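# Commentary on secondary and tertiary structure
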Amino acid sequence: MNSIKLTLLAGISLIGFSAIQAQEVKDILNQGKITGNFQVDAQYYQEDSAIGAVQPNEEFLTNGFLNLIYTNSGFSAGIRYESYQNAMLGFPTGYKGSGIAYRFASFTKDDLSVTVGNFYEQFGNGLVLRAYEERGLGYDNAIDGIRVKYKLFNGIELTGLVGQQRLYFEKGDGIVRAFNANINFNETFESLKDKKTKVIVGGSVVSKFQEDNNPDLILPENVASFAGRTIISRGKVSLNAEYAFKYNDPSLDNGYNYKNGEAAFIQASYSQKGLGVSLAAKRVDNFSFRSDRDASQQDLFINYQPALTKQHTYNLLATLYPYATQPNGEMAVQGDVIYTFAKGSLLGGKYGTGVQLNASFAYDINRDSINPLEDDSRNLYTSNYFETGQRLFRDMNIQISKKLSKDWKMKLTYANILFNQEVVQGKADVPMVSAHVGVAEATYKFNMRNSIRMEGQVLLTEQDQGNWATGILEYSYSPHWFVAVIDQFNYDNPKGAEEHYYNVSAGYNNQGNRITLAYGRQRAGIFCVGGVCREVPAANGLYLSITSSF
Amino acid sequence: MKKVLFGLLVVFGFQTNTMAQGKLPAVEVKTMEFESFNTSEISNDGKPIIVNFWATWCSPCKRELNNISDMYEDWVDETGVKLVAISIDDARNMGKVAPYVNGQSWEYDVYIDPNGDLKRAMGVNNVPHTFLLDGKGNIVWQHNSYSEGDEYELFELVKKLSKGESISK
């Protein structure tokens, strides 16, 4: 109690202090600003045995957070308060209760920039280090420690950091130490300044320390990883390549395998007005990297390995059979072509026509087991670099978009998907899912403010839960209101009865505020953002969400 | 610790009454060629600026930017406005940003915020999120989400700003 009084006193005297200070101090203080954002989601759950939805004991669950960031010239500081009372279904159960889960202070002075407290960071493509947040999925592996960035001279950026990672309201066991250097040759060397070819080269070292607490194995307490990368671009063409290596890192993920890990990623693109082409490939072998070797699920990842597949937005495509990266081993390729038939051309018509083609293929790596009786390295397998293992995923899709008239717009999508449930979802004795998906979307504008959007989706498969159809009607009154009705229908399901999943929602937004209210059934599914996917159970009930930015 | 934070909040809370209008924070993002770029360098010769957060996987975002793209030339001619599109695509999709932007023939200034640093600094919850800056670089308006027709309201506001009128209600 006394200390609260003291703090208040200190606060008040500070306010008094700032009020009577000289004009220049006032000016400095006046430049300060506070920004932030807020979100709260709440759901009331009903029992619904037909779709397997259960009512939790609490009946009503909420998640919420508030970010506050204060900035004044080179200085900034911020906090995030988070509250889970209790965490909503499908959210990681480690989130319980409330508290300040993020706080930092940072300053920039000339070429030096320092952050203490919690921070997010990414080196290159994230193959060896990426600390980031996806609030909507409950993903947050922020580092708590010290980060120093220095611009040596033009085009050379150095970053060093040390800290522990966030684990819900606690911190993980391991300590992460990391260093990164980036050189932009065209900025560093005067003679290259006006050259058309641009070259950026970068390198990272990331190491973690965790005590060996295992009675049976001699575990490496320090594990180091390295990455080298280059980005070369010339006009319409660009190339981004990165290679990473990691010393033996026996963990729960890899079955305490002492084999070294490696990952390679390459992406090339060509683009000009009306045409974009992108090709990418990667190979990952034993490259799960966490600051606690015994962590599982989405906890304490140091690095980031995105799936090399299209991130679909249509509901059935995005949440029924999305591919998730396999950090223990994967070989994947992806290609994209985006083309716009120009206005006035034969296929372009009056408004032009857009076509997008995408194909992605993912396989396991080849593995030859090592007999532990003949080899004491505790390496569990060897792998032929260019040979693939079993198929994990395939997606071939095409999308055509067309403005038909001033008021009508149309989009047609077809996707053909092969999905290995056994590996990606960890189910036993189930067949590969082969699905055809078709989506038709149309938007009609009544006038400048009123419009309606319609979606029809069909997913046909003989495996898993059988066929699905989805219809969506969304009416919007610009710029503040929308109402939407959704029905998802599961039919020809070999395991269960035919079920409708209806859902009604409405929303209002003004300036940075947004309120959404929904009622109905939610289908169980996999929700992915970036490289993180989460299984969300079926639910039925009333849902409210409020977001605000200020 | 918590008490210190509380004390700081009291001071900062007091500050908000007198503080300057928000401007774009200075944050390192990437160009479409993956070069570093500091957002403090974004300017438009005293004309309004639209800052729009989007992603290649966000369909309302793409609807909004494609709809504006159809009229962008006229907007620029009439008001001198500049649209800065900030893609929040991460390592999974950031290589697809340039092919998409060029494939759609967008004329915007496009930057990539692959680890959400600018998104966090500007308090963006989800995309699309649009900010409008007046000629002096003050953030004077923002909007989250997109519905067909929102671009007309945006352009009305841009026109007012370009004439030097205030848009506060």
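For clarity, every value in this text was computed on a predicted model and none was experimentally measured.

### Points about the overall build of chain B
Along the backbone of chain B there are five helices and seven strands. Counting only residues that meet the buried cut, chain B has 50% of its 169 residues in that class. Of the contacts made within chain B by residues no fewer than 6 positions apart, 72% connect residues no fewer than 24 positions apart.

### Some remarks on the sheet that holds strand 1 (residues 28-31) of chain B
Residue and element names in this part refer to chain B. Reading across the sheet, the seven strands line up as 2-1-5-4-3-6-7 and stay open at both edges, with mixed pairing between neighbours. Unpaired on one side and paired on the other, strand 2 (36-38) and strand 7 (139-144) mark the two borders of the sheet. Taking the axes of each pair of neighbouring strands and ignoring which way they run, one obtains an average angle of 30 degrees across the sheet. Here three bridges tie strand 1 to strand 2, and the two strands are oriented antiparallel to one another. Note that in strand 2 the partner of glutamate 28 across the bridge is asparagine 38.

### A closer look at the domain arrangement of chain A
Reports of interface size often rely on the accessible area that becomes lost once the parts have come together. All names here are of chain A. Taken domain by domain, chain A consists of domain 1 (110-306) and domain 2 (307-326 + 334-363 + 385-503). Here domain 1 and domain 2 have C-alpha centroids that lie 32 Å from each other. Each side of the interface is counted separately: domain 1 has 10 residues, and domain 2 has 11 residues. In terms of residue class, the side of domain 1 that touches domain 2 is built from five nonpolar, four polar and one charged.

### Things to note about the nonpolar core
Trp54, Ile86 and Val97 of chain B are the most contacted members of the largest nonpolar core, which has 73 residues in total. In terms of residues, this core owes the most to one element, strand 3 (residues 49-54) of chain B, which gives five residues. Residues contacting isoleucine 86 of chain B, with those up to four places away along its chain left out, are Val29, Val51, Asn52, Phe53, Tyr111, Asp113 and Leu118 of chain B. By size, the runner-up hydrophobic cluster in this structure holds 29 residues, among which are Tyr314, Leu316, Ala435 and Leu459 of chain A.

### Structural notes on the interface of chain A and chain B
At the interface, 77 residues of chain A touch 56 residues of chain B. The biggest single contributor to the side of chain A that touches chain B is helix 1 (residues 2-20) of chain A, with seven residues.

### Quick word on the pairing of strand 7 of chain B
Residue and element names in this part refer to chain B. Where strand 6 (residues 129-133) meets strand 7, five bridges bridge the pair, whose relative direction is antiparallel. Bridge pairing in strand 7 links threonine 130 to histidine 143. Between strand 6 and strand 7, which pair antiparallel in sequence order, lie five residues; one of them, glycine 137, sits at a positive phi of approximately 90 degrees.

### Here's the deal with the confidence of the model for chain B
All names here are of chain B. The predicted model of chain B has a mean per-residue pLDDT of 88, with 86% of residues at 70 or higher. Contacts for the low-pLDDT stretch residues 10-20, under 50 throughout, to residues beyond four places or in other chains number 17 contacts. For this predicted complex, the interface score ipTM comes out at 0.91, while the overall pTM is 0.91.

Parameters at a glance
Residues numbered from 1 in each chain as written. Chains lettered and ligands numbered in written order. Predicted model: local features only at pLDDT ≥ 70, side-chain atom pairs only at ≥ 80, totals over all residues. Helix = DSSP H or I, 4+ residues; strand = E, 2+ residues; numbered from the N terminus. Buried ≥ 20, exposed ≤ 12 C-beta atoms within 10 Å, placed from the backbone. Contact = placed C-beta atoms within 7 Å. Pairing = 2+ DSSP bridges. Axes fitted to C-alpha atoms, helices over the stretch in contact; angles between N-to-C directions. Domains from an automatic or database assignment. Nonpolar A, V, L, I, M, F, W, Y, C, P; charged D, E, K, R; others polar. Core = buried A, V, L, I, M, F, W, Y, C linked by C-beta atoms within 7 Å. pLDDT = per-residue confidence, 0-100.

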